[in-house]
Amino acid sequence: MNKSIYLLFGFLVVFFSSKAQSNLSVEIPKKTIPVMKTSKESSFLGLWVDDETGHKVEKLVQREGTNSSFYFHNNPFVKSADGKSWLMLFYGSTKNGIQLFSIDLASKKIIQITDKSGSKGGEILGRKTRKVFYRMKDSIFSTHIDTHKTEFVFKFPEGVPGSVATLNADETLLGGVLSSNEEREIFRNNPQKSDYFNKIYEAKLKRTLITVDVATGKLTQLYSENAWLNHEQFSPVDSNLFMYCHEGPWHKVDRIWNIDIRNPKPTLIHKRTVEREIAGHEFFSPDGKTIWFDLQIPRSETFYLAGKNLETGIETRYALKRDEWSIHYNIAPDMKSFAGDGGDAGQVAHAKDGMWLYHFVPKGDSLVSEKLVNMKNHDYHLEPNVHFSPDGKYIIFRANFEGTTQIYAVEIHKN
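Residues numbered from 1 in each chain as written. Predicted model: local features only at pLDDT ≥ 70, side-chain atom pairs only at ≥ 80, totals over all residues. Heavy atoms only, no water.

Core analysis: the biggest nonpolar cluster contains 42 residues, and F338, L357, V373, M375, I395, F397 and V410 have the highest contact counts within it. The element contributing the most residues to this core is strand β27 (residues 356-363), with 4 residues. Look past the residues within four positions of F338 in its chain and what remains in contact with it is W292, L305, Y318, N330, I331, Y358, H359, F360, P362, L367 and F388. (Core = buried A, V, L, I, M, F, W, Y, C linked by side-chain atoms within 4.5 Å. Buried < 20%, exposed > 50% of the residue type's maximum accessible area, 1.4 Å probe, protein only. Helix = DSSP H or I, 4+ residues; strand = E, 2+ residues; numbered from the N terminus. Contact = heavy atoms within 4.5 Å.)

Following this line, the structure appears as structure tokens:
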């Protein structure tokens, strides 16, 4: 079957699927959804049942070019203007460069939000203000997701490289870092992560945590250190709580830190107990009470998903098997289960059979896993970065089954 026939069949499947979602009296007979290997061919179809797992998978964004979902801890979801459905923001390629789009998760309608030419950095969505923030060169802009009105927010001082990566809970402050021209030069000369990662860490160049006032553009320097400060995240509920990490080889750094921006004294979240123990890829729970992270004691040997309760100081650990280890984890909106994006044999776990998307449910001190998607036809140089849909029924991820980056959704519970 050639590509054009796949695309025609995929269009018909997606068309009737959308009809079923908009009119509950119409149902798709199961025989219309093919059971097949998750691959380039299934992606061209647009809707299929993974033949290894039995879960329904959909190519969520149907538009030409590349389409990329947000990084795993950056919220991409906001209610539609009428409050009747959920929108998800994503980046997509256009003739005028990469732009921000929204997709209505119910109707699958796609709307382009930005149109400025030039590369954009940042995946920062304000649910209250309904604005998306991004950096272009040395300037930060915001665009309203409904009106598409774009406003200038801030320009970094000349010769001072900077970026923003997060928005606080009351959506008044952006959080980010100032770096150095020496660091920028290392990145420029070493574009691949495998080339720059150790070089940036070993250079011990100064970085400064900052906030930028959204209304006034005032820049405030919070804390400086000769270290690779990275992975900035504001708490989803506490407007003053700012999490960041010491980036670098995880077994060499005390990685996860919090500061209160009113009194920016760093607090270590997880203290190493044995040599080569690692903790990383941290993220907040939706209620802001817990910081979850990948924990290995020691590195590449024993695997946990761990959570530090910020109120009690108690750390919860859920054990995982080696093949279940994931590059990124995420937590469901009801905080009762987790997702993981797996990894190939070249990752830190050296898993023999780890190329799966997983759903995890806690049981005692372990996680019980269910495989959702066979990822063996995905190149893990692109990390899938799983998100739960706002209703908790799907896990959304990015993959390159077609050879280009596209966005998919897998249904957690089988019909």
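Having seen it, we continue.
The next point concerns the pattern of salt bridges. Under the criterion given, the structure shown has 16 salt bridges. Residue R188 is joined to E185 by a salt bridge in which the shortest nitrogen-to-oxygen separation is 2.4 Å. You can see R188 and its partner E185 sitting in helix α3 (residues 181-189), 3 residues apart, about one turn around the helix. Between D260 and R262 there is a salt bridge, with the nearest N and O atoms lying 2.7 Å from each other. We classify D260 as partly exposed; its relative accessible area is 24%. Through salt bridges that share partners, K131, K149 and E151 make up one connected network. (Salt bridge = Lys/Arg side-chain N within 4 Å of Asp/Glu carboxyl O.)

Spatial strand order, β1-β2-β3-β31-β30-β29: 6 strands in an open sheet with mixed pairing. Single-partner strands in this sheet number two, and they are β1 (35-36) and β29 (387-388). Relative to strand β30 (residues 394-399), β29 runs antiparallel, the two being bridged by 2 bridges. Bridge pairing in β30 links H387 to I396. (Pairing = 2+ DSSP bridges.)

What follows is about the environment of Y196. Relative to the elements of secondary structure, Y196 occurs in helix α4 (residues 193-203). For Y196, a relative accessible area of 18% gives the class buried. What Y196 contacts, discounting residues up to four positions off in sequence, is F187, N190, P191 and W228.

Once that is clear, we can look at the sheet that holds strand β9 (residues 121-126). Taken in spatial order, the 4 strands line up as β9-β10-β11-β12 in an open sheet, and their pairing is antiparallel. The two strands at the open ends of the sheet, each matched to only one other strand, are β9 and β12 (150-155). The sheet shows a mean angle of 20° between the axes of neighbouring strands, direction not considered. Alignment of strand β10 (residues 131-136) against strand β11 (residues 139-144), held across 6 bridges, turns out to be antiparallel. Considered in β11, the bridge of M136 is made with S139. (Axes fitted to C-alpha atoms, helices over the stretch in contact; angles between N-to-C directions.)

As a further point, take the packing of aromatic side chains. Applying the stated criterion across every chain yields a total of 21 aromatic pairs. Aromatic side chains F401 and Y408 sit 5.1 Å apart centroid to centroid with 65° between the ring planes, which places their arrangement in the edge-to-face category. With respect to class, F401 is no different from Y408; both count as buried. By way of ring pairs, the aromatic residues W48, F397, F401 and Y408 are connected into one cluster. One residue, R63, lies across the ring of F101, its end atom 4.2 Å from the ring centre. Above the plane of the ring of F141 lies K116, whose end atom (NZ or CZ) is 4.8 Å from the centre. (Phe/Tyr/Trp six-rings, centres within 6.5 Å; stacked < 30°, edge-to-face > 60°. Lys NZ or Arg CZ within 6 Å of the ring centre and 35° of its normal.)

For the rest of this paragraph, the subject is the pairing of β27. Sheet topology places strand β26 (residues 338-340) next to β27; 3 bridges connect them, and they run antiparallel. Paired with G340 across the bridge in β27 is Y358. When β27 meets strand β28 (residues 366-374), the two strands line up antiparallel, connected through 8 bridges. Within β28, the position partnered with K363 by the bridge is S366.

Once that is clear, we can look at the packing of α3 against α4. One can describe the packing of α3 onto α4 by two numbers: an axis separation of 9 Å at closest approach and a directional angle of 165°. In terms of orientation, α3 lies roughly antiparallel with respect to α4. The interaxial crossing formed by α3 with α4 has right-handed handedness. Residues E183, I186 and F187 of α3 pack against Y196, K199, I200 and A203 of α4. Looking at the contact of α3 with α4 residue by residue, the classes come out as 5 nonpolar, no polar and 2 charged. (Parallel < 35°, antiparallel > 145°, perpendicular 65-115°, else oblique. Left-handed = near helix turned anticlockwise from the far one by under 90°. Nonpolar A, V, L, I, M, F, W, Y, C, P; charged D, E, K, R; others polar.)

Another point: the confidence of the model for the protein. In the predicted model, the protein carries a mean pLDDT of 93, and 93% of its residues have values of at least 70. Across residues 1-30, where pLDDT falls below 50, the model places 26 contacts with residues more than four positions away in sequence or in other chains. (pLDDT = per-residue confidence, 0-100.)

Let's shift gears to α4. Looking only at α4, the buried set comprises Y196, F197, I200 and Y201. For α4, the angular spread of buried residues about the axis comes to 125°, placing them on one side. Opposite the buried face of α4, by more than 90 degrees, sit the exposed residues S194 and E202. Where α4 is buried, its residues meet α3. Positive phi shows up at K204, right after α4, with a value of about 50°. (Arc of directions from axis to C-beta.)

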